[in-house]
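A closer look at the structure
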Amino acid sequence: MRRIGIMGGTFDPIHFGHLVTAEKVQEAFSLNEVVFVPSGNPPHKKNRLVTKAVHRLAMVKLAVENHPGFSVSSVEIEREGYSYALDTVDEFHRIYGADTALFFITGADAILETWHKADELMAKCEFIAATRPGYHFDEEHVLPVAYQDRVHVFRETALAISSSQIRRLLGDGADVSKMIPQSVNNYIKTHGLYEKESHD
Ligand code: ATP
Ligand code: MG
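These lines cover the structure that appears in this document, whether it is placed above or below. (Residues numbered from 1 in each chain as written. Chains lettered and ligands numbered in written order. Predicted model: local features only at pLDDT ≥ 70, side-chain atom pairs only at ≥ 80, totals over all residues. Heavy atoms only, no water.)

1. Observations regarding the pattern of salt bridges
- For the coordinates displayed, the defined rule picks out six salt bridges.
- Across the pair Glu-91 and Arg-94 runs a salt bridge, and its minimum N-O distance is 3.0 Å. Here the residue Glu-91 and the residue Arg-94 both occupy positions in helix 4 (residues 85-96), the gap between them amounting to three residues, near one helical turn.
- Linking Lys-124 and Glu-120 is a salt bridge whose minimum nitrogen-to-oxygen distance equals 2.9 Å. Taken as a pair, Lys-124 and Glu-120 lie in helix 6 (residues 118-124) at a separation of four residues, close to a single helical turn.
- Overall, the relative accessible area of 29% leaves Lys-124 in the partly exposed class.
- On the basis of relative accessibility, which here comes to 33%, the residue Glu-120 falls in the partly exposed class.
- Taken together, the shared-partner salt bridges in this structure form one network comprising Asp-90, Glu-120 and Lys-124. (Salt bridge = Lys/Arg side-chain N within 4 Å of Asp/Glu carboxyl O. Helix = DSSP H or I, 4+ residues; strand = E, 2+ residues; numbered from the N terminus. Buried < 20%, exposed > 50% of the residue type's maximum accessible area, 1.4 Å probe, protein only.)

As structure tokens, then:
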């Protein structure tokens with residue numbers, strides 16, 4: 001049976017924290033492929049201007065090109081209105097076949113969010129929650145018992161990198177070349193992204 005990981009996120013911008021987590025999870029859970037799915041208009045980030053989807057998608061494409069077993073999907077960007085994880089999981093089952101095992105990969109912060117139609121979602125895919133520096137995760141206390149066998153906690157030491165930190169550093173004109181692939185850094189410079197007060 002094919003095993004596919006879905007790595008959803010805003011990716012504003014994508015960074016080594018995302019990429020290294022995806023690599024380690026892919027290996028640990030024997031996933032045939034990890035598909036990065038940049039969000040369109042994320043419901044939980046209403047209050048912040050998110051960089052245009054075309055740029056976020058372009059940066060994810062640059063970051064995963066030439067990486068075997070990684071790919072990108074624009075299903076959420078192409079969808080009208082808000083996307084929920086459940087919509088994306090249903091779409092992946094249509095694309096890859098109903099018998100494909102789907103694993104939704106999230107950081108420990110994201111697993112603690114409220115998921116739309118959580119029962120249905122957990123029935124259709126398993127979750128891999130990667131611990132992340134700065135976010136405490138204690139599965140016995142934070143996950144409903146019904147979901148505990150559908151959520152795998154991945155306790156590898158993750159890189160302490162976040163997109164918000166990168167945006168802040170770039171706004172101050174600082175160097176972020178150790179946190180993101182060079183191709184992504186070049187793209188950011190070419191398009192003048194994350195310069196102060198700019199969220200294009
Ligand atoms: P922001 O700071 O804007 O929230 P972010 O770095 O959290 O950005 P997102 O696009 O929000 O990036 O994250 C996409 C997914 O990747 C989420 O599930 C998030 O928990 C996870 N993630 C982000 N950074 C890391 C990291 N350093 N280690 C492990 N998982 C991460
Ligand atoms: Mg985040």
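2. Examining helix 2 (residues 53-64)
- Here helix 2 is 12 residues long and its end C-alpha atoms lie 17 Å apart, about the 16 Å a rise of 1.5 Å per residue gives.
- Looking at helix 2, one finds that the buried residues are His-55, Arg-56, Leu-57, Ala-58, Met-59, Val-60, Ala-63 and Val-64.
- Downstream of helix 2 by a residue or two, Asn-66 has a phi angle that is positive, lying close to 70 degrees. (Expected span 1.5 Å × (residues − 1).)

3. Notes on the sheet that holds strand 2 (residues 33-38)
- Ordered by their spatial adjacency, six strands build an open sheet running 3-2-1-4-5-6, and the pairing between neighbours is parallel. Where the open sheet ends on each side, the last strands, each with one partner, are strand 3 (70-72) and strand 6 (151-154). Taken pair by pair, the neighbouring strands of this sheet meet at an average axis angle of 25 degrees, ignoring direction.
- Pairing geometry for strand 1 (residues 3-9) and strand 2, over six bridges, is parallel. By the bridge assignment for strand 2, Ile-4 is matched with Glu-33.
- Sitting on the sheet, helix 1 (residues 16-28) is in contact with strand 1, strand 2, strand 3, strand 4 (101-107), strand 5 (126-130) and strand 6, with an inclination near 145 degrees to strand 2.
- With respect to the sheet, helix 2 is in contact with strand 2 and strand 3, its orientation differing from that of strand 3 by roughly 160 degrees. (Pairing = 2+ DSSP bridges. Axes fitted to C-alpha atoms, helices over the stretch in contact; angles between N-to-C directions. Contact = heavy atoms within 4.5 Å.)

4. Overview of the site of ligand 1
- Surveying the vicinity of ligand 1 reveals 22 residues, the closest of which are Gly-107, Asp-109, Leu-159, Ser-163 and Ser-164.
- Interatomic distance of 2.9 Å between a backbone N/O atom of Gly-107 and an oxygen atom of ligand 1.
- One nitrogen or oxygen atom from the side chain of Ser-164 is found 2.4 Å from an oxygen atom belonging to ligand 1.
- Surface burial for ligand 1 is 91%, taken as the share of its 600 Å² of free accessible area covered by protein chains.
- For the shell around ligand 1, the class distribution of residues is six nonpolar, 12 polar and four charged. (Near = heavy atom within 4 Å. Polar contact = N/O pair within 3.5 Å; in protein donor to acceptor, adjacent residues only side chain to side chain. Areas by Shrake-Rupley, 256 points an atom, 1.4 Å probe, with all protein chains shown as cover. Nonpolar A, V, L, I, M, F, W, Y, C, P; charged D, E, K, R; others polar.)

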